[in-house]
Amino acid sequence: MGAEVRSTCPYCGVGCGVLLSADGSGGLAVRGDPAHPTNRGRLCSKGSALGETVGLEERLLAPQVHGSTATWKDALNLVATRFRKTIETHGSDSVAFYVSGQMLTEDYYVANKLMKGFIGSANIDTNSRLCMASTVAGHRRAFGTDTVPGVYDDLEEADLIVLVGSNLAWCHPILYQRIMAAREKRALRLVVIDPRRTASCEGADLHLALEPGSDVALFNALLAEVARRGAVDRDYVSAHVEGFDAALKAAQGSDPAFTGLSRETLRDFCDLWIGTEKVVTIFSQGVNQSSSGSDKVNAILNCHLATGRIGKPGMGPFSVTGQPNAMGGREVGGLANMLACHLDIENVDHRDAVRGFWNAPAMPEAPGLKAVEMFRAVADGRIKALWLIHSNPAVTLPDADTVQDAIASCPFVVVSDITAATDTARQANVLLPATAWAEKSGTVTNSDRTISRQRAALAPPGAARPDWAILAEVAQRMGFAEGFNWDNEAEIFAEYAALSGLARTFGKDFDISNRAKLSSSDYDSMPPFRWPDGPAKSGGRFFEDGGFYHPDGKARMLALAPRAPAAALTPEHPFRLNTGRLRDQWHTMTRTALSPRLSAHLPEPFVDMHPDDAARLGLAPADLLRLESPQGSAILRLRITRDVQPGHLFAPMHWTGETAPSARIDALIASVTDPVSGQPESKAAAVSAARFEAAWYGFAIATARPRPECAYWALARTDRGFRAELAGTEEIADAEDFARALFGLPDAALQMSKDMAKGRTRLAFMDGEILLAALYLDHKPVRLMRDFLAGLPGTETPWALAGTARGDMPDPGPVVCSCYAVGRNTILRAIGAEGLQSVEAIGASLSAGTNCGSCKAELAALLQQGVSRAAE
Ligand SMILES: Nc1nc2c(c(=O)[nH]1)N[C@H]1C(S)=C(S)[C@@H](COP(=O)(O)OP(=O)(O)OC[C@H]3O[C@@H](n4cnc5c(=O)[nH]c(N)nc54)[C@H](O)[C@@H]3O)O[C@H]1N2
Ligand SMILES: Nc1nc2c(c(=O)[nH]1)N[C@H]1C(S)=C(S)[C@@H](COP(=O)(O)OP(=O)(O)OC[C@H]3O[C@@H](n4cnc5c(=O)[nH]c(N)nc54)[C@H](O)[C@@H]3O)O[C@H]1N2
Ligand code: SF4
Ligand SMILES: [Mo]
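Residues numbered from 1 in each chain as written. Chains lettered and ligands numbered in written order. Predicted model: local features only at pLDDT ≥ 70, side-chain atom pairs only at ≥ 80, totals over all residues. Heavy atoms only, no water.

A.B. asks: Explain the domain arrangement of the protein chain to me, please; I cannot follow it from the model alone.
C.D. replies: Where interface size is given, it is often the accessible area lost as the parts come together that is meant. Per the domain assignment, the segments of the protein chain are domain 1 (5-53), domain 2 (64-128 + 326-527), domain 3 (132-319), domain 4 (575-669), domain 5 (696-802) and domain 6 (815-871). Here the C-alpha centroids of domain 5 and domain 6 sit 31 Å apart. (Domains from an automatic or database assignment.)

A.B. asks: Help me out: how do you make sense of unusual backbone geometry in this one?
C.D. replies: Note on backbone geometry: most residues besides glycine have negative phi, and most peptide bonds are trans. Each neighbour pair has its own omega, and for tryptophan 531 with proline 532 the value is 0°, a cis peptide bond. Residue placement: proline 532 occurs in the loop between strand E19 (529-530) and strand E20 (555-556). With a phi angle near 75°, alanine 622 is a residue other than glycine that sits in the positive phi range. Of note, alanine 622 is situated in the loop between helix H23 (611-616) and strand E23 (624-628). (Helix = DSSP H or I, 4+ residues; strand = E, 2+ residues; numbered from the N terminus.)

A.B. asks: How do you make sense of the site of ligand 3 when you look at a structure like this?
C.D. replies: In the neighbourhood of ligand 3, the contacting residues comprise Cys9, Tyr11, Cys12, Val14, Gly15, Cys16, Leu43, Cys44, Lys46, Gly47, Pro173 and Ile174. Residues of the shell around ligand 3, tallied by class, amount to nine nonpolar, two polar and one charged. (Near = heavy atom within 4 Å. Nonpolar A, V, L, I, M, F, W, Y, C, P; charged D, E, K, R; others polar.)

A.B. asks: How should I be thinking about the site of ligand 2 in this particular structure?
C.D. replies: The immediate surroundings of ligand 2 are formed by 32 residues, with Asn127, Thr396, Asp417, Thr588 and Asp666 found nearest. In this structure, a nitrogen atom belonging to ligand 2 sits 3.1 Å away from a side-chain N or O atom of arginine 581. Here an oxygen atom of ligand 2 sits 2.8 Å away from a polar atom, N or O, in the side chain of threonine 590. For the shell around ligand 2, the class distribution of residues is nine nonpolar, 17 polar and six charged. Two domains each provide a minimum of three residues to the shell around ligand 2, namely domain 2 (64-128 + 326-527) and domain 4 (575-669). (Polar contact = N/O pair within 3.5 Å; in protein donor to acceptor, adjacent residues only side chain to side chain.)

A.B. asks: Honestly, the pairing of strand E30 (residues 749-755) in this entry has me stumped. Any pointers?
C.D. replies: The side chains of a regular strand alternate, residue by residue, between the two faces of the sheet. Pairing between E30 and strand E31 (residues 760-767): seven bridges, direction antiparallel. Bridging from a neighbouring strand, methionine 752 pairs with leucine 763 of E31. (Pairing = 2+ DSSP bridges.)

A.B. asks: Sorry, what's going on with the pairing of strand E24 (residues 633-640) here?
C.D. replies: When strand E22 (residues 606-609) meets E24, the two strands line up parallel, connected through four bridges. If you follow aspartate 608 over to E24, its bridge partner there is arginine 639. Judged from the five bridges that link them, E23 and E24 form a sheet pairing that is antiparallel. The residue of E24 that forms the bridge with arginine 626 is isoleucine 635. Counted between consecutive antiparallel strands, the loop separating E23 from E24 contains four residues.

A.B. asks: Which parts of the structure should I look at to understand the nonpolar core?
C.D. replies: Taken as a class, soluble globular proteins show a tendency for nonpolar side chains to be buried jointly. Counting residues in hydrophobic clusters, the biggest one holds 116 residues, and the most contacted among them are Phe97, Phe269 and Trp387. Element by element, the count of residues in this core is highest for helix H3 (residues 105-119), at eight residues. Looking at this core, you find at least three residues from each of domain 2 (64-128 + 326-527) and domain 3 (132-319). Contacts of phenylalanine 97, omitting those with residues within four sequence positions, involve Phe83, Ala111, Leu114, Met115, Ile119, Asn123, Ile124, Asp125, Met374, Trp387 and Leu471. If you look at the next biggest cluster of nonpolar residues, it comprises 98 residues, including Leu175, Ile701, Met766 and Tyr776. (Core = buried A, V, L, I, M, F, W, Y, C linked by side-chain atoms within 4.5 Å. Buried < 20%, exposed > 50% of the residue type's maximum accessible area, 1.4 Å probe, protein only. Contact = heavy atoms within 4.5 Å.)

A.B. asks: When you look at the sheet that holds strand E16 (residues 430-433) in this model, what are you seeing that I'm missing?
C.D. replies: Remark on secondary structure: sheet strands pair via backbone hydrogen bonds, oriented parallel or antiparallel. Overall, mixed pairing links the seven strands, which are arranged E5-E4-E16-E15-E14-E6-E7 in an open sheet. Looking at the sheet topology across the chains shown, the edges are occupied by strand E5 (68-69) and strand E7 (124-126). The pairing of strand E4 (residues 64-65) with E5 spans two bridges and is classified as antiparallel. Bridging from a neighbouring strand, glutamine 64 pairs with threonine 69 of E5. The sheet contacts of helix H16 (residues 371-379) involve strand E6 (95-99), E7 and strand E14 (385-389), and relative to E6 the element is tilted by about 135°. Packing of helix H19 (residues 467-477) onto the sheet brings it into contact with E6, E14, strand E15 (412-417) and E16, and relative to E14 it is tilted by some 160°. (Axes fitted to C-alpha atoms, helices over the stretch in contact; angles between N-to-C directions.)

Encoded structure:
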């Protein structure tokens, strides 16, 4: 083992520090960095499993042109020529880049410089449009700058934390754990505002299950109550805020009934919020991904401005960022309407200054196309050459089937990715292999403005190159040699830091220019730091004493009126479909699905429905459900649960053509956006729901990847290979033929059992006593000990047809604790048998929850369940 390399986790915007040790043969051990200020050595389940995702099995290792392996020279020349010719013939706005909040700041800087300064178009937008755009718009409207006022320490110093549209326990687990740890030491209350009951509600004092989209009405009600109870900070408002009266009048005129919450619940919430000075309001995608997302953000900011609870220890609005460099992308001007360092594309002075700094031949004068518009322009032929970097828009944009078709129809599509196995990469003319996180170097900024280094611990595999280097090569071949001839990331960072010094002359807050002369070795050893740089007032917070970035130095409160989600519920589409994330998967699963541990948590896509709705529709647990919207359809496994309200559905966003083709959830989402931010409404589709009438259902396990061809399938990796759920609409004529084709086992020895009466067929393929694969078919959803069976392929199992565990091998159930692979049944059994009363007691008995702690909320829920079972 070599020395440990200090780096940053490549998943969420919490930005935890990691220590990486390469084993010299491609493997990587990962542990939390005790010295990183964000996580102090801790990691969540995804961070802990990073080492399981660095294998090369699925990696793209060489450039491909039209499906064939090519040299870098040919691929880069082709990309440069096609972009140059398209621009010559159709103008600079006929090309576009779609990039990502997962790119490093240096990658982002180069992509923006090329598009905005040298190609001369602003047609570069990022997946942050689907993620942070409403917050950016809200911050800029209120503060005159896109700046998060607070720091992570505020979460420990607060007396009340309100989570709005944020499932922090699963999506920002280390922040949630910091809050839970603080709660053990002192009184700290937690309120969750979410139409759905989530794991984050487990530790909460109050859960407000409001109507989808009604957050503006809720925070308007709070503002009106703040004023009624005399809780306005008059001094702060008169010195630092404009627009108070109009905002209050609008709030007083807005109907709280819109939230669907009872008067008592609203009163309890107002009592807590108004009665607790030290309050942090954390918000995320339940706020941003809405056709009124910007207004939701400003409704929250209004309440903090009116009470002067901003920029002080333990108080403030706190937008948590999603991707590891969502914040860095905002600083570096990744959005189509921004320039680097918080400068504005529409401001002629800013534009001229950046033009001079870059010595740029052409600068756009107006904002470019925002993500949803960009793919519309691809569909209707305005965009003729497209470069997609570090994102999977054929899955994650709303109206995803239309987007996928648009990409396929574009005359020239380049995709930079680490794998060719994505729905987007399949549409590319040119595929460029990028180095992955453990192989690359640069910087990222997390939710609290802390800039950390990512450092390479593994050598680039095959021909893979860093994203910035690929961009710079293309720029040079397009004739822009001078602006793009850096030798390393350090030089790019230094140039960017120098540009921030220029931004400071315009009074901008983002200033890291004291690092403009950084040497390569300074950069290599640069410890994490939070901007503003240097000894900061108020512990690195903004706005305690005003100092906003509108020309008059004051903040703005906005007059806001609530709006319902854009997709209207109708008799044809009566359900409100909400979408979001699961604890152990990352977006389109290109990395997390490589880890068997992470895949064991929730191995199949699903939709949650309330028991009343299920009863009305005559549905049973484990049925397959077909959802339809005007845009598209999906087939998902039904989970019946009171976590969602009647009339609401929830489905995860993660599955794709690679893992479950009928579960591409964005195929159902309309491409409506917030009018100010352009962010799509990803959480409020109108859909119909009915049982998917399958002729047969199947469950498969195998050592090698099965190749299903049927109406419904979902594939997950296991420690011993793969598991798959299957269903079809046409009877299987010959089960043996079907199974041999599924597993690619034309000759393996077969064991088979048929129960004609029950309509069951079971097939197992053997190599001697070793089980290679098994398929369990039924006319009903198959009932089996799935998690137990998943462990059998590749082992001596002459009895796999039984489909159940032997007496001495109990079924562990689905994995809850992924660190120690402890299943649900194991935990419930121990709760019953040992009379366990607390999460700590479960830990002491089974180790569950004692490593990363990401499952503690679920353990608490199982305790509840165990207790109520015992009472039955
Ligand atoms: N495990 C995991 N963690 C991640 C990610 C991941 O893929 N997996 N992705 C990262 C990224 S990029 C992001 S952006 C963040 C997202 O982090 P979060 O925003 O916390 O995650 P989501 O599950 O998308 O949505 C949060 C909640 O919004 C609720 N919601 C829906 N509609 C409304 C509404 O109208 N009002 C309110 N108040 N709530 C509503 C949903 O029910 C959901 O529970 O997570 C980051 N962390
Ligand atoms: N319905 C619904 N839709 C949503 C959301 C939702 O809540 N609901 N959330 C939205 C949000 S907040 C977000 S952030 C987006 C995320 O959506 P995407 O960004 O589209 O999803 P990812 O799976 O993160 O895509 C990242 C891609 O980059 C590749 N990659 C990994 N490492 C590298 C690298 O180093 N270099 C390069 N070039 N490529 C690499 C991965 O293999 C993968 O293909 O989804 C949005 N879509
Ligand atoms: S909370 Fe988890 S996913 Fe997010 S940065 Fe930390 S370890 Fe990575
Ligand atoms: Mo995101």
